[in-house]
Each structure stands twice: as structure tokens, then as C-alpha cells.
Amino acid sequence: MLKCADLLDSHAELTARLNQHLQAVVVGDLQGARSSFRSFAALLQAHSLAEDRVLIPVFQELELETNGCSIEILDKEHRKLRRLLADAFERVFAEGADLTPAIRLSWIEDTRMLKEVLEHHDVRERAAFNPAFDQALDQAEASALAGECLALQQELEAQYLAQAR
């Protein structure tokens, strides 16, 4: 049976996709860097939007907020992640981009903040967000909520990837 904590598997997948992008950058594979970044961006957009639409309203309704994990904090982090993602997307898909050593270094350095915010957000959600649902809801309710969120995430990811082609 699916639990809300299982939705954190997407965080590991996000890290793997971002690392795949960075590995392509390191070796100068522009096509691979763009492809892996597109995949990373689609999952990040879909994951955060699914949380916004499915989990956060329930989090608020059940009054699960804490000082370290409030709707305001989660919203700010999601907006910051989307802004950093948009900035990186613009760099990666700029016309005439060429992966010279200087550009490779720049892309890797510019990705550092995105990676740090993702890691920080993961810690918050592992500690206080996702487990709160599994504690507050019975197993069937938590499973249904997690299933709804995961289904929306998968749907949105497919839409983002289809639009990017």
C-alpha cells in the first residue's frame, strides 16, 4: 500500500536526473545535457505542482503546519525552485550554446544553488511534511492521497515532456 512518505522517491529521482545532466555537461555532451535537463525540469515542475494542488490543501485542512514546515515556507521553496529552474533552463537552451570549458564550469556553478535548495527542501519534507500525512490519516486515506498526488505528477510530467518536443 502506498504511503505519502513514498512520494519522496521522486526526490531521489530528481537528484539522479540532475546528476545525469551535470555529468553530460562535464564531458561536453550538449545534446545529453539538454535532454537530461529537460527530463529533470519536467519532473521537478510536475512534482512541485502536484504537491501544491493535492498535498498542500490537505496539509492546511488537517492543520499539520509546524514552525519549521508551514504552507508559507513550502510555497516559498517551491517558488524559489521554479525560479532557479527557469534560470537554468534559459541557460541550457540558449541559442548557440557551446559547451566550452568556461561554459561547463559556469553551468555547474550555476546549478549549485538549485541543488542546495532541492536538498534543503528534501530534508524539510522528509522530516515534517510527508510523514505528517501518514501519521494524521488512516492507512487507506494516506494511500489514496499519495496515489492521487503521484497520478497527477505523472500526468503533468508527461505533459511537460510532450510540450518540450
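This report concerns the structure included in the present document.

What counts, and where the lines are drawn
Residues numbered from 1 in each chain as written. Predicted model: local features only at pLDDT ≥ 70, side-chain atom pairs only at ≥ 80, totals over all residues. Heavy atoms only, no water. Helix = DSSP H or I, 4+ residues; strand = E, 2+ residues; numbered from the N terminus. Rg over C-alpha atoms; globule rule 2.2 N^0.38 Å. Buried < 20%, exposed > 50% of the residue type's maximum accessible area, 1.4 Å probe, protein only. Contact = heavy atoms within 4.5 Å. 1 Å grid on protein atoms, 1.4 Å probe; cavity = no way out; pocket = protein on both sides within 12 Å on 5 of 7 lines; lining within 4 Å. Points joined across faces, edges and corners; volume = space filled by probe spheres on them. Nonpolar A, V, L, I, M, F, W, Y, C, P; charged D, E, K, R; others polar. Core = buried A, V, L, I, M, F, W, Y, C linked by side-chain atoms within 4.5 Å. Patch = residues over 30% accessible without salt bridge, like charges linked within 9 Å, V, L, I, M, F, W, Y side chains within 5 Å. Areas by Shrake-Rupley, 256 points an atom, 1.4 Å probe, with all protein chains shown as cover. Salt bridge = Lys/Arg side-chain N within 4 Å of Asp/Glu carboxyl O.

This paragraph deals with the overall build of the protein. When you go through the protein residue by residue, the secondary structure sums to five helices and zero strands. Taken from the N to the C terminus, the helices and strands of the protein come in the order α-α-α-α-α. Computed over the C-alpha atoms, the radius of gyration of the protein is 17 Å, within 12% of the 15 Å expected from 2.2 N^0.38 for a compact globule of 165 residues. Projected onto the principal axes, the alpha-carbon positions of the protein cover approximately 55 × 30 × 20 Å. The proportion of buried residues among the 165 residues of the protein is 42%.

With that out of the way, let us pick up the environment of Ile71. Topologically, Ile71 is positioned in helix 3 (residues 71-92). Note on Ile71: relative accessible area 16%, which makes it buried. In this structure, the C-alpha to C-alpha distance between Ile71 and Arg91, residues 20 residues apart in sequence, is 30 Å. When near neighbours in sequence (up to four residues on either side) are disregarded, Ile71 contacts Ile56, Phe59, Gln60 and Glu65.

Turning our attention to empty space enclosed by the protein. As enumerated under the stated definition, the model contains one cavity of 30 Å³ or more in all. Within this model, the largest cavity holds a volume of roughly 30 Å³. Lining of the largest cavity is provided by His21, Phe37, Ala88, Arg91, Val92, Trp107 and Thr111. Among the elements of the structure, helix 3 and helix 4 (101-136) are those that each provide at least two residues to the lining of the largest cavity. Among the elements that make up the lining of the largest cavity, the one with the highest residue count is helix 3 (three residues). Partitioned by chemical class, the residues of the lining of the largest cavity number four nonpolar, two polar and one charged.

In this structure, Leu55, Phe59, Phe129, Phe133 and Leu145 are the most contacted members of the largest nonpolar core, which totals 24 residues. Secondary-structure elements contributing two or more residues to this core are helix 2 (30-61), helix 3, helix 4 and helix 5 (139-163). Sort the elements by how many residues they give to this core and helix 2 lands first, with eight residues. For Phe133, the residues in contact, after removing those within four places along its chain, are Cys4, Leu55, Val58, Phe59, Leu64, Ala142 and Leu145. In terms of nonpolar packing, the next biggest core, distinct from the first, is built from 22 residues, Phe37, Val92, Ala97 and Trp107 among them.

To continue, consider a nonpolar patch on the surface. On the surface, Val26, Val27 and Ile108 cluster together into a nonpolar patch covering about 250 Å² of accessible area. Relative to the helices and strands, Val27 is located in the loop between helix 1 (9-26) and helix 2. Its relative accessible area of 62% is what places Val27 among the exposed residues.

Tallying each qualifying case throughout the model produces eight salt bridges. Here Asp122 makes a salt bridge to Arg126, at a shortest N to O gap of 3.0 Å. Note that Asp122 and Arg126 are positioned in helix 4 at a spacing of four residues, about one turn of the helix.

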